[in-house]
Amino acid sequence: MLLATATLLGLVLPGAACAGDHLHARDSHVHEYLERREYPQVSIAPPYRPLVWGDLNVIHTTDTHGWLLGHQKLSWAEPYYSGDLGDFSSFVTHMKQIAIDKDVDILLIDSGDLHDGTGLSDGYPPGGIDAHESNKFLERLPYDLMTIGNHELYVYADTYDMYTNFVPHLAGRYLTSNVNITIFDSDGKPESVPVGNRYTKFTTRKGRRITSLGVIFNFTGNDVNTTVQTVEDMVKEQWFIEAIAEEPDVFVLIGHMPVSYDSWPTVFNAVRTVHPLTPILIFGGHTHIRDCRQYDGRSMALESGRYMETIGVELDAAKDNHDNITFTRRYLDQNRVTYEYHTQTSKQTFDTDDGQSITRGLQELAARFDLFYPYGTAHQDYTMTQNPYPSNGSLLSLFIDEAVPYALAINNTRASIPNIIIINSWALRFDLFKGSFTKNDQLTIMQYKDSFLYIANVTSGIANQVLPALSNPTATKRKRDEADILSRKIVDNRDSAWLEETDGRSGVGRRGATPSNWTFGYVTRDSCPDADDADDTMHTTLPYYTAPYYIGSNLPNVTADTPIDVVFLNYLGEEIISILNRLQKDKNYTMNDVSLYSPTLTDEILGLYAQAMWN
């Protein structure tokens, strides 16, 4: 038996151009977008080699977080990720036809986290549910397997919406091996049931027998009436033992779990103990990086970045022999140039009717959510990691030094009292690029609706020591919902470490590019064979600078004994209190000393600032 895996890809949306407030203006914007997007506004490099096809090919997406309209800014490397879900749909359609023409199998797989990330998922009007509308477009793609992510579990209403409205569209292929939801019958009696199916077994078009499970990492930040079983306990369950007892041609294990430094080996070892030679393909997620691992010579584990970035894998082996399997994979930049290159189409022949329908529907949804509403025009880029913190180009500096102090002072009776404001840097989720700054951009950068609290009358000399103490790892304890923050910190740390590692690489690895054809983008070196040869398009890395985990506003220019306000995000309260009680003994602070500082929430900050400063 010959197996192979070939392609995976990604989408991102930091906002589209602005439109007027009237429906006619919005319709005009949709029409303009549909015409403009067919002709790239800047020149981008195509892939430099065809995909490697095998007998079993997989297109994989993960951590899409609502980025279904694609990157629409012109700052580098955004144009390389400028395709949208309609383009992806057309690409998948062409790839499936190519698979038929080649007489091979192809699967489409997703590893979770559809929620929380852009205005399409988070910009719904009052009374709506996160990602309910945007998920309707994902339902239209022919996914063979999907699984749940932690962002589907923070809010029970989101999980229940997935259970009742999204999961049925997968017809038994939405897998939640260790996640349950509590539902209630007409008498109010609770029952804990899997959100999706625990596992599935199916046969491909070419007759290959596949057994699949869908696993999430040991996440404990889920909402009430949802349950996540530990991976270690899951593999001991009788249903699991029975599910893996029969040998398939290949195990395809999917999950919202990093392929490095997490619990995949637990699942892998449980399967491998029963089936020492059966090929195992693993598709993970959660840490937003491109990564590849081999747990033995007859397996491969892949993670396809964030916001629908791409991966390709090839697996060559006979199931019944003892040889190691030769895998190949490819990380595709998600844009129309990439898609047309690999499907051997042109701008005239690439689009499918369904793909164009999805694109138009997404634009209409964006208009309905008023995501094109312009707050102002940014005259430069402000980045999370491409500029050092602090600096004029740092988004962290702009946010904590200018935007937050301005927004929190609006209609605030305490605005005249000196303060220090403390946040964690990972609360910001994406860069702010030059050009129109829209409602969608605001939600993309900061979608969380966190509030600002304060403790009054802390002497400046003590207050100025809080941020250094908070940044001390020995003083740090878990924040917000403990596992929520730990989960996000893991993502931030591994994503940052990966970006820092790529920044340390010179040029484009060993692929022979010269300065004349260098283009900014990802330069990947993973842990599988040919570690630096998996990217589909040649790039040189964007600069990367580390940032502290916690940041604070400029210190007030007052004497050490001047009482000031210590202002902080709502989930940092217990930590701030603990630190204050360590720094001084004159007062024992408790949560009774904490009050709401402003009704302004985090997802409103940049819009208020842009309206005032960028018009």
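Cut-offs used in this document
- Residues numbered from 1 in each chain as written.
- Predicted model: local features only at pLDDT ≥ 70, side-chain atom pairs only at ≥ 80, totals over all residues.
- Heavy atoms only, no water.
- Helix = DSSP H or I, 4+ residues; strand = E, 2+ residues; numbered from the N terminus.
- Buried < 20%, exposed > 50% of the residue type's maximum accessible area, 1.4 Å probe, protein only.
- Contact = heavy atoms within 4.5 Å.
- Areas by Shrake-Rupley, 256 points an atom, 1.4 Å probe, with all protein chains shown as cover.
- Pairing = 2+ DSSP bridges.
- Axes fitted to C-alpha atoms, helices over the stretch in contact; angles between N-to-C directions.
- Disulfide = S-S within 2.5 Å.
- Phe/Tyr/Trp six-rings, centres within 6.5 Å; stacked < 30°, edge-to-face > 60°.
- Lys NZ or Arg CZ within 6 Å of the ring centre and 35° of its normal.
- Core = buried A, V, L, I, M, F, W, Y, C linked by side-chain atoms within 4.5 Å.
- Parallel < 35°, antiparallel > 145°, perpendicular 65-115°, else oblique.
- Left-handed = near helix turned anticlockwise from the far one by under 90°.
- Salt bridge = Lys/Arg side-chain N within 4 Å of Asp/Glu carboxyl O.
- Right-handed = clockwise from strand over helix to strand, strands pointing away.

Moving on, we come to the overall build of the chain. The number of helices and strands found in the chain is 17 helices and 22 strands. For the chain, the residues scored as buried account for 60% of the 615 residues in total. Within the chain, contacts between residues at least 6 apart in sequence are counted, and of these 78% link residues at least 24 apart. Here the chain displays about 22900 Å² of accessible surface, and carbon together with sulfur accounts for 50% of that area.

Here we come to the sheet that holds strand β13 (residues 299-304). Spatial strand order, β7-β8-β10-β11-β13-β12: six strands in an open sheet with mixed pairing. Because the sheet does not close on itself, it has two edges, and the strands there are β7 (199-203) and β12 (290-293). Across this sheet, the average inter-strand angle for adjacent strands is 15°, counted without regard to direction. Packing of helix α8 (residues 264-274) onto the sheet brings it into contact with β10 (250-256), β11 (280-284) and β13, and relative to β11 it is tilted by some 160°.

Turning our attention to the state of the cysteines. Per the stated rule, a full pass over the model turns up one disulfide. With its sulfur 2.0 Å from that of its partner, C292 forms a disulfide with C528. Disulfide C292-C528: torsion about the S-S bond near -85°, hence left-handed. Taken together, the residues span a long stretch of sequence, with C292 in strand β12 and C528 in the loop between α15 (482-503) and β20 (550-552) at a distance of 236 residues. The same class applies to C292 and to C528, which are both buried.

Attention now goes to unusual backbone geometry. If a residue is not glycine, its phi is most likely negative; likewise, a peptide bond is most likely trans. A cis amide bond links W76 with the next residue in sequence, A77, at an omega value of 5°. The residue A77 is located in the loop between β1 (56-61) and α2 (85-102) in this model. A cis geometry characterises the amide bond from Y389 onward to P390, with omega recorded as -5°. Mapped onto the elements of the fold, P390 is located in the loop between β16 (374-378) and α11 (395-409). A positive phi angle, near 70°, is found at N225, a position not held by glycine.

Before going further, it helps to examine the sheet that holds strand β5 (residues 179-184). Reading across from one edge, β6-β5-β9 is the order of the three strands in this open sheet, with antiparallel pairing throughout. Of all strands in the sheet, those bounded by a partner on one side alone are β6 (190-194) and β9 (226-228). Taken pair by pair, the neighbouring strands of this sheet meet at an average axis angle of 25°, ignoring direction. Contacts from helix α5 (residues 156-166) reach β5, β6 and β9, with the element oriented near 90° to β5.

Attention shifts here to the packing of aromatic side chains. Under the defined criterion, the tally for this structure stands at 24 aromatic pairs. Relative to F219, the ring of F217 has its centre 5.6 Å away and its plane inclined at 55°; by these criteria the two rings are tilted. In this structure F219 comes out as buried when scored by relative accessible area, which is 1%. Among the aromatic residues, those joined into a ring-pair cluster are Y373, Y375, Y382, Y406, F437, Y609 and W614. A cation over an aromatic ring shows up here: R293 above the ring of Y261, its NZ or CZ 5.3 Å from the ring centre.

Here the focus is the nonpolar core. One recurring pattern in soluble globular proteins: nonpolar side chains tend to sit buried together. By size, the foremost hydrophobic cluster in this structure holds 73 residues, and its most contacted members are L85, F88, Y174, F240 and L253. By residue number, the principal contributor to this core is α2, which donates seven residues. Those residues within four positions of F240 in sequence are excluded, and the remaining contacts are L213, M234, V235, A270 and V271. In terms of nonpolar packing, the next biggest core, distinct from the first, is built from 57 residues, Y382, L408, F437 and V594 among them.

We now examine the side chain of D161. For D161, the location among the structural elements is in helix α5. Setting aside its immediate chain neighbours within four residues, D161 contacts I129, H132 and F166.

Two elements in contact, helix α7 (residues 238-245) and α8, have axes separated by 10 Å at closest approach and are oriented at 50°. Relative to α8, the element α7 lies oblique. Considering only the axes of α7 and α8, their crossing is right-handed. Contacts between α7 and α8 pair F240, I244 and A245 from the former with A270, V271 and V274 from the latter.

For the structure on display, the rule yields 23 salt bridges. Two residues, D144 and K96, come together in a salt bridge whose shortest N-O distance is 3.9 Å. Placement of D144 in the loop between α4 (135-138) and β3 (145-147) and of K96 in helix α2 is noted, with a sequence separation of 48 residues between them. The exposure class assigned to D144 is buried, which follows from its relative accessible area of 15%. Across the pair D535 and R290 runs a salt bridge whose closest N-O atoms are separated by 2.9 Å. Of the two residues, D535 sits in the loop between α15 and β20 while R290 sits in strand β12, which places them 245 residues apart along the sequence.

Moving on: the pairing of β10. By the criterion of burial, β10 is predominantly enclosed, with seven of the seven residues buried. Across seven bridges, the pairing between strand β8 (residues 209-216) and β10 is parallel. Across the sheet, G214 pairs through a bridge with I254, a residue of β10. Taken together, the four bridges between β10 and β11 define a ladder with parallel strand orientation. Opposite F251, over in β11, you have I280 as the bridge partner. In this fold, β10 hands off to α8, which returns the chain to β11; that crossover is right-handed.

Keep in mind these values describe shape, not function.
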